[in-house]
Structure formats: structure tokens, C-alpha cells
Amino acid sequence: MYLADRSAPAPEGAKTAPDRGPVRAPAVASTVLALGAVSMITDISSEMVTAVLPLYLIAGLGLSPLGFGALDGVYNGVSALVQLTGGHLADRVRNHKLIAGIGYGLSALCKPLLLFAHSLGPISVILTLERTGKGLRTAPRDALISLSTPPELQGRAFGVHRAMDTTGALLGPLAAFLILSLTVDGYDAVFGVSACVAVLGVVVLMLFVPSGVDPVPTPPAASAKAASAKATPAKAVAAKATPAKATAATARDADRPAPVRLRDALGLLRLPRLRNLAICAVLLGLTTVSDAFVYLLLQRRTGIGDQWFPLMPLGTAAVFLLLAVPAGALADRIGRRTVFLTGHALLLAGYALLLWAPAWPALPFLVLALHGMFYAATDGVLPAAVAATVPGELRATGMALVGTGQALARFGCSLAFGAAWTLWGTGPALAAAAAGLLCCAAVAGFVLRPSAPQDTR
Amino acid sequence: MTLSPSRRLLVLAVAVLLLGGLAATLVLRSASRDDKPSAGGPTVTAGTVTLDRPGSLTFLNGGQGPHRGALASVPADAPDSERTASELDCRRFYAAAGTGVCLRSTPGALAQDNTALIVDSELRTLRSFPLAGTPSRARVSPSGRFAAWTVFVSGESYGAAFFSTRTAIVDTRTWKLEANLEEFAIDMDGRQHRAQDVNFWGVTFSKDDDTFYATVSTGGETHLVKGSISGRSVKTLAKNVECPSLSPDETRIAYKKRVRAGASLWREHVMDLGTLREHALAEKRSVDDQAAWLDDRTLAYGLPTDGAADSTDLWTVQADGGGAPRLLAPGASSPALLR
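Only a predicted model underlies this, so the values are computations on that prediction, with no experimental measurement involved. (Residues numbered from 1 in each chain as written. Chains lettered and ligands numbered in written order. Predicted model: local features only at pLDDT ≥ 70, side-chain atom pairs only at ≥ 80, totals over all residues. Heavy atoms only, no water.)

(A) Inspection of the overall build of chain A at higher detail. Helices and strands together make up the secondary structure of chain A, namely 20 helices and two strands. Considering only contacts in chain A between residues 6 or more positions apart, those separated by 24 or more positions represent 80%. When the accessible area of chain A is evaluated, it comes to approximately 16,200 Å², of which 70% is carbon and sulfur surface. (Helix = DSSP H or I, 4+ residues; strand = E, 2+ residues; numbered from the N terminus. Contact = heavy atoms within 4.5 Å. Areas by Shrake-Rupley, 256 points an atom, 1.4 Å probe, with all protein chains shown as cover.)

(B) Structural detail: the overall build of chain B. A count of helical and extended segments in chain B gives one helix and 27 strands. For 339 residues, the compact-globule estimate of 2.2 N^0.38 gives 20 Å, and the C-alpha radius of gyration of chain B, at 22 Å, lies within 12% of that figure. Each principal axis of the C-alpha atoms in chain B carries an extent, and together these give about 75 × 45 × 40 Å. Residue pairs in contact within chain B that sit at least 24 positions apart in sequence constitute 42% of those at least 6 positions apart. When the accessible area of chain B is evaluated, it comes to approximately 14,200 Å², of which 52% is carbon and sulfur surface. (Rg over C-alpha atoms; globule rule 2.2 N^0.38 Å.)

(C) Fine view of unusual backbone geometry. Positive phi is not limited to glycine here, since A:R94 has a value of about 50°. Relative to the assigned elements, A:R94 resides in the loop between α4 (76-93) and α5 (96-113). The exposure class assigned to A:R94 is partly exposed, which follows from its relative accessible area of 31%. One non-glycine residue with positive phi stands out, namely B:C243, at about 50°. You can see B:C243 is positioned in strand β19 (residues 242-246). (Buried < 20%, exposed > 50% of the residue type's maximum accessible area, 1.4 Å probe, protein only.)

(D) Representation of the packing of aromatic side chains within the structure. Residue and element names in this part refer to chain A. In the structure shown here, the tally under the stated rule is nine aromatic pairs over all chains. With a centroid separation of 5.2 Å and an interplanar angle of 50°, the aromatic rings of Y56 and Y187 are classed as tilted. With Y56 in helix α2 (residues 30-60) and Y187 in helix α8 (residues 187-208), this residue pair connects regions lying 131 residues apart in the sequence. A residue is classified by how much of its surface remains accessible, and Y56, at 2% relative accessible area, is buried. Given the relative accessible area of 1%, Y187 is considered buried. Through pairs of rings, three or more aromatic residues link up here, namely Y56, Y187 and F191. (Phe/Tyr/Trp six-rings, centres within 6.5 Å; stacked < 30°, edge-to-face > 60°.)

(E) Seen up close, the confidence of the model for chain B. All names here are of chain B. Confidence in the prediction of chain B, expressed as mean pLDDT, is 90, and 94% of residues score 70 or more. Residue range residues 156-161 is modelled with pLDDT below 50. Its contacts to residues more than four positions away, or to other chains, number 19 contacts. The ipTM value of the predicted complex is 0.82, and its pTM value is 0.82. (pLDDT = per-residue confidence, 0-100.)

(F) The state of the cysteines, seen in detail. All names here are of chain B. Scanning the entire structure with this criterion turns up one disulfide over all chains. Here C90 engages in a disulfide with C102; their sulfurs sit 2.1 Å apart. Looking down the S-S bond of the C90 and C102 bridge, the torsion is -115°, so its handedness is left-handed. Of this pair, C90 sits in the loop between β4 (83-89) and β5 (92-96) while C102 is found in strand β6 (residues 99-107), placing the two residues twelve residues apart along the sequence. Residue C90 is classed as buried on the basis of its relative accessible area, which comes to 9%. (Disulfide = S-S within 2.5 Å.)

(G) Structural detail: the side chain of B:K257. All names here are of chain B. By secondary structure assignment, the location of K257 is in strand β20 (residues 252-258). Among the polar contacts listed, one links the side chain of K257 to the side chain of E278, at a separation of 2.4 Å. In this structure K257 touches N240, L265, W266, R267, H269 and E278, once residues within four positions along its chain are discounted. (Polar contact = N/O pair within 3.5 Å; in protein donor to acceptor, adjacent residues only side chain to side chain.)

(H) Structural detail: the sheet that holds strand β24 (residues 298-304) of chain B. All names here are of chain B. The strand order across the open sheet formed by four strands is β23-β24-β25-β26, and the pairing between neighbours is antiparallel. Edge positions in the sheet fall to β23 (292-295) and β26 (326-329), since each has one partner strand and no second. Between one strand axis and the next, the sheet turns through 40° on average, direction left out of account. Both strand β25 (residues 312-318) and β26 contribute to a ladder of three bridges, which runs antiparallel. Residue T316 lies in a different strand from β26, and its bridge partner there is R326. (Pairing = 2+ DSSP bridges. Axes fitted to C-alpha atoms, helices over the stretch in contact; angles between N-to-C directions.)

(I) Region of the structure containing the interface of chain B and chain A. Of the residues lining the interface, 72 residues belong to chain B; the matching set on chain A comes to 71 residues. Run the count over chain B and chain A and you get two salt bridges. When the shortest N-O distance is used, the salt bridge between B:R29 and A:D188 registers 3.9 Å. Applying the counting rule to chain B against chain A returns three residue pairs in polar contact (both at pLDDT 80 or more). Every element with two or more residues in the side of chain B that touches chain A is listed here: α1 (5-32), β6, β9 (134-140), β10 (146-153), β11 (164-171), β19 and β20 of chain B. When the residues that make up the side of chain B that touches chain A are grouped by side-chain class, the tally is 35 nonpolar, 19 polar and 18 charged. (Salt bridge = Lys/Arg side-chain N within 4 Å of Asp/Glu carboxyl O. Nonpolar A, V, L, I, M, F, W, Y, C, P; charged D, E, K, R; others polar.)

(J) Expanded view of the nonpolar core. Counting residues in each nonpolar core, the largest one holds 151 residues, and the members touching the most others are A:F417, B:V101 and B:W149. In terms of residue count, α2(A) provides more of this core than any other element does, 15 residues in total. Core analysis: the second largest hydrophobic core is formed by 17 residues, B:F184, B:A195, B:V198 and B:F200 among them. (Core = buried A, V, L, I, M, F, W, Y, C linked by side-chain atoms within 4.5 Å.)

(K) Just the confidence of the model for chain A, in detail. Residues and elements named next belong to chain A. A residue-level look at chain A finds 79% of positions with pLDDT of 70 or above and a mean pLDDT of 80. For residues 1-24, every residue scores under 50 in pLDDT, and the model assigns this stretch 31 contacts once sequence neighbours within four places are set aside. Here residues 214-257 scores under 50 on pLDDT; set against residues more than four positions off or in separate chains, the count is 55 contacts.

(L) Spotlight on helix α19 (residues 395-424) of chain A. Its 30 residues place the ends of α19(A) 42 Å apart at the C-alpha level, agreeing with the 44 Å of an ideal helix rising 1.5 Å per residue. The first or second residue beyond α19(A) is A:G425, which carries a positive phi of 95°. (Expected span 1.5 Å × (residues − 1).)

(M) Representation of the sheet that holds β9(B) in the model. Residue and element names in this part refer to chain B. Pairing is antiparallel in the open sheet, where four strands are placed in the order β9-β10-β11-β12. The open sheet has two free edges, formed respectively by β9 and β12 (177-178), since each of these has just one partner strand. Taken together, the two bridges between β11 and β12 define a ladder with antiparallel strand orientation. Bridged to I169 within β12 is E178.

(N) Layout of the pattern of salt bridges. Residues and elements named next belong to chain B. Tallying each qualifying case throughout the model produces 23 salt bridges over all chains. Put simply, R232 and E178 hold a salt bridge, and the shortest N to O gap is 2.8 Å. In this pair, R232 sits in the loop between β17 (221-228) and β18 (233-239) while E178 sits in strand β12, placing the two residues 54 residues apart along the sequence. Residue class for R232 comes out partly exposed when judged on its relative accessible area of 33%. Taking the relative accessible area as the measure of exposure, E178 reaches 6% and is therefore buried.

(O) Main features of the packing of helix α14 (residues 291-302) of chain A against helix α15 (residues 312-334) of chain A. Residues and elements named next belong to chain A. Between α14 and α15, the shortest axis-to-axis distance is 10 Å and the interhelical angle comes to 115°. Handedness of the crossing formed by α14 with α15: right-handed. In this structure, α14 contributes Y295, L298 and Q299 to the contact, and α15 contributes M312, P313 and T316. Of the residues assigned to the contact of α14 with α15, the class counts are four nonpolar, two polar and no charged. (Left-handed = near helix turned anticlockwise from the far one by under 90°.)

(P) Here's a closer look at the packing of helix α7 (residues 154-182) of chain A against α15(A). Residues and elements named next belong to chain A. Relative orientation of the contacting elements α7 and α15 amounts to 165°, with a least axis distance of 7 Å. Here α7 is positioned roughly antiparallel relative to α15, judged by the angle of their axes. Along this stretch, α7 crosses α15, giving a crossing that reads as left-handed. Across the interface between the two elements, Q154, G155, R156, G159, V160, R162, A163, T166, T167 and L170 from α7 touch L314, A317, A318, F320, L321, A324, V325, G328, A329 and D332 from α15. Residues of the contact of α7 with α15, tallied by class, amount to eleven nonpolar, six polar and three charged. (Parallel < 35°, antiparallel > 145°, perpendicular 65-115°, else oblique.)

In C-alpha cells, the structure reads:
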């Protein structure tokens, strides 16, 4: 893959940071590895449940498709909106680890509860709580990753994290099916083991992830203040307000010794660089067709056998896993904007193949490869870019703002795409999405242009 | 946490041991369940089950112990008697006139491996069809000629807004497969309905080997449709009807009706196909199953076992709305009365 080749001059563990000359920095901070391990373990746990849940509910309990479908739609808003809350809370209590830990803990608690619920109502409640946990932890976790990594290595750090995370997502179903094959209808064993694995994730988080707002990579103006924030609580408060003034908040906020407020969070949107990123994330999210639709379209387009359908997401994940680190490193080297936009170009190429390519035998592999490359080039690169625009004290809030915007936009896209599919049929709906994506990518290319204020690089 | 690195590793090791031990115990306990029938449960013995013996009730045995998940049969007039278990394991099963359809789900290497098996009266596999998702509903036409199945297709994690089913009908005489009923023309209230959000599930067949009834969902509503296999078309009859089941005399359908908008709460109803008038049955619990008619007066359906996850019991109730639900067979699912 060309991404790997391009990053070859800077192999793993290189002591050279681009543009800064030689520095003594490890390839990836230990905090990032610890968080990656936590995510990997937690994803093993949650994907174990995900893999067996349809079978448990539909074949085991006899739920009708609509019953399960009703479950399926419950959590869309939940995770996105909770993410904003989690991000803001983490900045507010100035303890990202605490909020992330509560999120991981809540999800862990939910897994054994599944053993005791066997009708749709309680199961919906449990799964909603599980998603709430996921929403709570996402922004503080990404903030911790970015705060423990120097600015020029953010892309690689997020790439490592996403690769570890996806490894967990791939291992989870394997573990679940292994348990099912060893046991007799061992759903209880799957849920129980999943809970044990989730608890282990929380233990690793508690033991190996530092909690504080680490001052290392905050923008130069804020970093000195942030460093002093660690020294005394009183100064911390002052330091808290200063970057807000430096960035966007009004003078009266700066003079009042106050914790992070909601208005600081909104004030973040007045940061041009963050606002531009948020706008682009939303625009591109609005034209990113959800994975499930891509797999359905791919199956309709190629007529590949039904038995391969459940394997399609694994194809995307495998490519994502292989390329997340090289893509992140490449982003650090040649610019996050370039890689982020290239990712969307790859997605666009995937749409084009789905629309116009002849029925090559290789078509499914090509589309899944492009889909995975899209994730590799965007999923970690976007938070890396966000990290460079938000002061450390509001890092989790900034992550959450962009993350929530993107999630809601993607949800909107799902609804709109479903409607377009109904009105116009498959081909025109995808063509419309592709046209939309092209326009939004062009706008993003312009908004994020190098002359405009954006990365610190 | 202010522990030294070696202390941290020690705590981690202890946690891994404790959690690993607990996880191993859970797996071992669940693996040994195979050998131990639960006390007071139904007795099951291995034997020969055939699908052409009128007066037998077949179902999937769900009792703890050996033969869990196996197709079993009992005399219909003595459902409490010892169960004869076959070697056929299914998630969902139905049979009529010597033809059976068995939806099977086995753990594969990377994903669940789902298959529909068409079996003859000796339970020998005639054909198998790969499935795109989790087995949900299965039916065979009264003559044994047609078989239908529905699977739930999940493309991704449960966090995504995504809901899709596939319903297929196969002709066991010609092996012509209608792999996706969504390709059938839909006449909705007299107009041709074309939409991509259409989902079919829960087929039930008439004796004429052409007419069938099913659920169609589109635009957030569920419809009862009457279809023709040869005509490759369906026509809507009524709204808010799910998982229909045609009575042996073909005058009524039993189905589940959503009783509160938006809530996952269903009550079993019976509708007269002549007048489209409906009445609720005496069963007050939420039934999420495709019921089976034992005769023209009695319906059988599965309900989650009280206090036990992953197990269902079979219940019966009068089709006229009178009487009270009665337990037919504990630890059982997918009932079919052989005629």
C-alpha cells in the first residue's frame, strides 16, 4: 500500500519528528498504548455481545425482526449527545480519566445485567446504558491521547489507538464464537466473560493511565499557564480562564475565577480553526453513507452470496487496522488535511466503483479496501487535527463538539439516504450521495486550505 | 494511582487471574450443562422422529441437558409424555406433509454460519441454502411443496440505525428459489408501491400452493399482505399485523398486533379474513412469535420462560378469545402439529 511506502523513511520508533529536528521522543506515549489496550480490551468485550445479540434475541428468545429493529434504533441520539456531556464534564472536573473510567465502568456493569433481562424493555434499557457509557468515555479518552502526545505526533498516536481498538473489534466475535462452540447455548457464558473482559479494561485504565490534564501539547500560548495549573489550585483557576480569553471567551469570564462553563464550550466554536474543522466534519458526515448501506449496496451490486454478508464489515475493519498507523504517521508528515481529504477521495472512489464499475470479481475486495482506507485516513486523523486547535483545558469538550457534530450528521445522512433510496432507488441515491460528498470535500478542501488558519504544523 | 510500576503489574496479574478464573468457570459451567438435565424438566430420549406421522407434535427441545436444540416430537394428545429427540439441531423449525424446514445457526470461524435446510420426512437433507443473517421465521405450505424462511440481516453493531430482513420461498418440487420477496410487486391500497424500505417477514401458506400471507413493513407501518407465488405479487389487506398464521380452515389468521405505538408490546389477535374483523385472545402477555394452529380452535406460541434467559415455553390459547392460556410444553419452541 502506498501509504506504508510513503511513511517508510520514518520507521516505527524513529527519533526524528518532522520539522523539529531530532527529539528524544518515543514513537508513541505510554499513555496512548495504555489507552489503546483499554480500548482493545473493551472492544473485545462489547463486540462479543454485539456478535451474539441478534442470535440470542431472535433465535433464542424468538423476537421478531421488528422487535429487534426497534432495539436497533434506540441509541442513535444517545451516544452522540452523551459524548458532548462526557467531554464537557471531563474538562469541568479536570479529570479525564475519572469520566472515561465512569464510562468504561458503566458499560462493564451492563454486560452481566444482560443475563437477567429477557424481554425487549429491560434489554433496551441495558443497551442504552451501555451506549451511554460509550458516549461518556469517547471524548475524555481522545483528549487524554492528544494531551499525552506532542503536537507533531498526534496522527500517529491516534492511528495506534484506532488500530488497537479495531483489533479488539475483530477479536471480540472470534472470542464469542469460540465460547459458543465450546458450550451449549452459552450466551450466559458469553455475557459473563464479556463482563470479566470489560472489568479488566477498567482495571488497566485505573492502573496505567494517568489522570491529569497533561500540559505537554497545549498551544504555546496556553502551555505555560497550564503547566502552572498543576502547581496550585488557585493558579489553576486563573490558568483556566486565560486561554479562554486568549481564544474566544469574553473578558468578564477571564476576570472571574470560574471552572469550565458551558459557555466556554460554545465559545470554542468561535475559534476559527476548530469551527472550520467542525463544519467540515459535519458537511462530510452528511454525505458519508452509513456502513450498513454500503454493504447492502455492495451485495446488490455484485450479487455475492448471502453467506458472505456478515463478513463484509470484517473486510473494512481489517484494512482499517492495517493502515491506521501508517495513515496517521503520514498525516503527521505531509499534513492532516491532505490525508483527511484523500480519505474522502478514496471513499468517493468506492462509491464510483459501486455505481459504475463492471462486475469484476475483484469489485467487492476493492470497495471494502477503499472503505477501510477511508476509515484509516480519517477516523484518527480528524481528532488529531482537532487536538491541534483546542487548548488543553477544553480538549475533551472540543473533541466532543466535533465528534457529536459528525455523529449527528451521519445519522442525518442515514435518514436522508434511506429516504432518497426509497424515492429514487439505489443508484440515484448513491449518485446523489457521491455528488454531495464531492461538493462537501471541495468545500472542506477550501475551508481547510493551508493559508487559512488551521493546524499548528 | 500512586503505585510503583511493579505494584501495578502485580495488581494487574491478580486481576487477570481472578477475572480469567471467573471467565473460565463460566465457560466450563456452561459447557458441562450438556450432560445434566435440569431436575423436574421434561424427559428426553434419543430416537427417530419422522414428519409423516399424523398426530405428532414436533418442536425444538429447549430443556436443559442433552438434546437441547434438537427437533423432538411427542404425541399431540399427550404433550407431557417423554420427548423423542432427533439428531437434527435447529434454531427454528416447521414441518407439514413430510417436508421440514430447519433454520440452523452454527458458530463459524469469523461470523455466525446460517443455513436453511429442507429435509424430507426422515429428516434427510434435500437441499441447503446459505442465509444472510439470523434465523427468524420458518413455514412450510400444508401440502409440503413450498417452504419459506425469514432472516434478520445485521450489517453492523447494534448501535447503528439499520434494520433489514430477507424472506425467501423455495419450491421443493422444482427447487426454484425466490431469494428475496422484496422483488415481488406490491399493490398497496390499489396502487403500485415501490419503496426501498420494504421488509417482508413471517410467511404463512394456503393449501392451494400459490396463495400466501405475510407481513410487509414500509414507511414505519406493518401491513398484512396476501400474495401469489406464481404472480410474484402481493396486495395489502390490513395494517398493524405481524407474523400472520393461517387457520387450517383458511377463514382466519392469527397474528400479533402492536398495542401501543412505539412500544415493543404485542398481543395475539385473530382476524376473520372475510370481514377483516379482529378480536384479542385471552393471552394478556406480550407474544412475539409466529403462532401455529393446532386445530381450528387452538393456537400454540412461544413465550420467554419466567425467570430464565434464553429459554421459551410453549403455550396454547383458544382462538375465539375465550378460555385462559395453558402451558403446552416447558422448554420448547417452534411448534408444528403434523396432520
